[in-house]
Amino acid sequence: MKNQEISEIFFRMADILEFKGEVPFKVNAYRNAARLLADLTSDIEDIWKQGKLGELPGIGKALQGKIEDYLLNNKISQYEELLKQIPKDLFLLLSIQNFGPKTAALAYKKLGVETLDDLEKAIRNGKLAELPGMGDKKIAKISKGLELLKTSQERISIGIALPVIDGIKSYLKENAGSILKRLSHAGSTRRGRETVHDIDILAESDNGPELVQIFVKMPNVTQVLGAGDTKASIILNDRIQVDLRVVKKESYGAALQYFTGSQAHNIRLRGIAKNHGLKINEYGIYDGDRKIGGEEEEDIYKLLGMDWISPELREDRGEIEAALARTLPDLVTIDDIKSDLHIHSTYSDGQLGIKEMSEIVRTFGYTFMAICDHSKSAFYANGLNEDRLYQQIEEINELNRQNKGFHILAGCEVDILPNGDLDFSDNILKKLDFVISSIHSAFETEPTKRTLAAIHNPYVDVIGHPTGRLISRRDGFAVDMNEIIKHAAETGTALEVNSYWDRLDLSDINIKKAIDNGVKLSINTDTHHPNHLPMMELGVATARRGWARKQDIINTMTLDSFRAWQKRNTI
DNA sequence: GCCGTTTTCGGCCCGACTGTTTTCAGTCG
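Scope of this entry: the structure provided in the associated data block.

Quick notes on the rules
- Note that residues are indexed from 1 along each chain, following the sequence as it is written.
- Each chain is given a letter, starting from A, and each ligand a number, starting from 1, according to the order in which they appear as written.
- Local features are withheld for residues below a pLDDT of 70 in this predicted model, meaning they are given only at 70 or higher, and side-chain atom pairs are given and counted only at 80 or more; totals for whole chains, interfaces and linings count all residues.
- Side-chain numbers come from the whole structure's heavy atoms, not from hydrogens or water.
- Strands are treated as partners if at least two bridges between them are detected by DSSP.
- Strands are runs of DSSP state E lasting at least 2 residues, helices are runs of H or I lasting at least 4, and numbering of each runs from the N terminus.
- Each axis is a line fitted through C-alpha atoms, taken for helices only over the stretch in contact, and angles between the N-to-C directions span 0 to 180 degrees.
- Throughout, the term roughly parallel applies to angles under 35 degrees, roughly antiparallel to angles over 145, roughly perpendicular to angles from 65 to 115, and oblique to all others.
- Crossing handedness is defined as follows: a turn of the near helix away from the far one that is anticlockwise and smaller than a right angle gives a left-handed crossing, while the clockwise case is right-handed.
- We call two residues in contact when some of their heavy atoms are within 4.5 Å.
- Each residue is assigned to one class: nonpolar for Ala, Val, Leu, Ile, Met, Phe, Trp, Tyr, Cys and Pro, charged for Asp, Glu, Lys and Arg, and polar for all the others, Gly among them.
- For the exposure calls, accessible area comes from a 1.4 Å probe over protein chains only, and a residue counts as buried if that area is under 20% of its type's maximum, exposed if over 50%, partly exposed in between.

1. What about the sheet that holds strand 8 (residues 278-281)?
Alright, step 1. The strand order across the open sheet formed by 3 strands is 8-9-10, and the pairing between neighbours is antiparallel. Strand pairing shows two members of the sheet lacking a second neighbour, strand 8 and strand 10 (290-293), which therefore form its edges. Each adjacent strand pair in this sheet contributes to an overall mean axis angle of 35°, direction not counted.
Alright, step 2. Taken together, the 3 bridges between strand 9 (residues 284-287) and strand 10 define a ladder with antiparallel strand orientation. Bridged to tyrosine 286 within strand 10 is lysine 291.

Have a look at this one:
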């Protein structure tokens, strides 16, 4: 799909135009279009073929022409032209903190700075300091930014960030005592994004300076980037930046709304406020000079005539229109989840036996679970052959006889082989209660065709981690998600939302697309170790970001309705 | 660049912070 490719070009064109000193509104037009394309759940090529490009908000004549250029010629000629006029490593240079487009342009024009090395040299030989507006402190900040870029990690997974947030919250509660009132995380972690750049913490207190001091003296703070009376920024464990912002009671709601973002969502809200003759900032919502709300986050949305919007939806992907029309979806919650359907045991590569694991799973409040160990071809994971599978089914049956009020489904995560066959025959699969089917090998070999074959198998209930992406390591294999969704809808096969922190596969955008086409989803942890079980929350957050409701998720069903849903029982 | 029952021209979110300034530009979120 070309959506992503064009989106990336538009983001870069925005950077270039900004570097060239274009008016900010033009730059924003490109960024808005880039975001729209990245978030789009339908194929831009289809929209173009239907002649409906102009119906997309923010896509006018000029941008339509560029999209068309790319679809016809696989390049945007104006972008190619622009690339000739900029420093070699512009995009890298612009990622340096405290080194923005204006400074980059100045350094390029006056000193010929094209790369990080050039910049470092210009700092060392004092040339940069000779430029207008450059003082010692500014140079020092740019040096720091350059240093940070060299050592800093990529965005980190939400699965890593959330436990860090829990630790910070506990620390603050223990050490700040009565000066700390309300406390929340904000930013992209609150919105449940799969990866985050930093952690935002918001606190309510009448004593900002003291709270800030407690915060910067936290254990494992390796750098204090700044600390004032109401805010501070630190680097934790040389790894992740954490920003604290302290506000008073009357502004807490407005600040929480503001710092949760996203930026695009906030910009839309402020535009709407303006149309109503109101103004929003992080301290409250105002009618002229009169403050009319801001103590609670709900105030902001209510005063703009809309429903409160769950943080996971706040990306300006249609949630504002839905909130105004009062048609926001009733999103699935963690409390709706009644089963975890993808759990490994010591039969293959899990850490616990079925009995021990099931006892822990029960404590999550679920009423059933599925053991889905690997199949025989998964040598690397100690996959089960037919005999051991029968043995496992026997053990599960025995446990179910002993267990009242909790049921274990005998399942399997059957490999989709390179030739498109499944690793077990239908005669075996039909003996199981539940089947997940996944690709674990030969990612390059017709992954779409193989997945479709699995979808059409009458015993396959769920396609596991459908794109195979690993957030920290590799992109997904090149599956045609439109085809997979179409066939999943036709056959009544669910797609997995694998909740393991490094997978979160399907992603939010694909979840939305699946739901829009009537496909059911299965949120599972793919647990190999009991520590993985709480990751259900990550899967639920990702599903919520994809606008998933309770009725879209098979894990919210009772055991009876789940069985009635299975396609093998609907024939 | 886009957009329009206020507008086909003149708007386009808002504020903090910093550093370099004699009143503001750049960067960030």
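2. Things to note about the packing of helix 10 (residues 158-176) against helix 12 (residues 208-216)
Alright, step 1. With their axes 10 Å apart at the nearest point, helix 10 and helix 12 run at an angle of 125° to one another. Here helix 10 lies oblique to helix 12, going by the angle between them. Seen along the crossing, helix 10 lies across helix 12 with a hand that is right-handed. On helix 12, the residues that touch Ile168, Tyr171, Leu172, Asn175 and Ala176 of helix 10 are Leu211, Ile214 and Phe215.
Alright, step 2. Among the residues forming the contact of helix 10 with helix 12, the class breakdown is 7 nonpolar, 1 polar and no charged.

3. Overview of unusual backbone geometry
Alright, step 1. A cis amide bond links glycine 261 to the next residue, serine 262, at an omega of -5°.
Alright, step 2. Backbone torsion omega between aspartate 505 and leucine 506 reads 10°, so that peptide bond is classified as cis.
Alright, step 3. Within the secondary structure layout, leucine 506 lies in the loop between strand 16 (494-498) and helix 22 (508-516).
Alright, step 4. With a phi angle near 60°, asparagine 382 is a residue other than glycine that sits in the positive phi range.
Alright, step 5. Relative to the assigned elements, asparagine 382 resides in the loop between strand 12 (368-374) and helix 18 (386-402).
Alright, step 6. Unusually for a residue other than glycine, tryptophan 547 sits at a positive phi of about 65°.
Alright, step 7. Structurally, tryptophan 547 is set in the loop between helix 23 (536-545) and helix 24 (559-565).
Alright, step 8. For tryptophan 547, a relative accessible area of 15% corresponds to the buried category.

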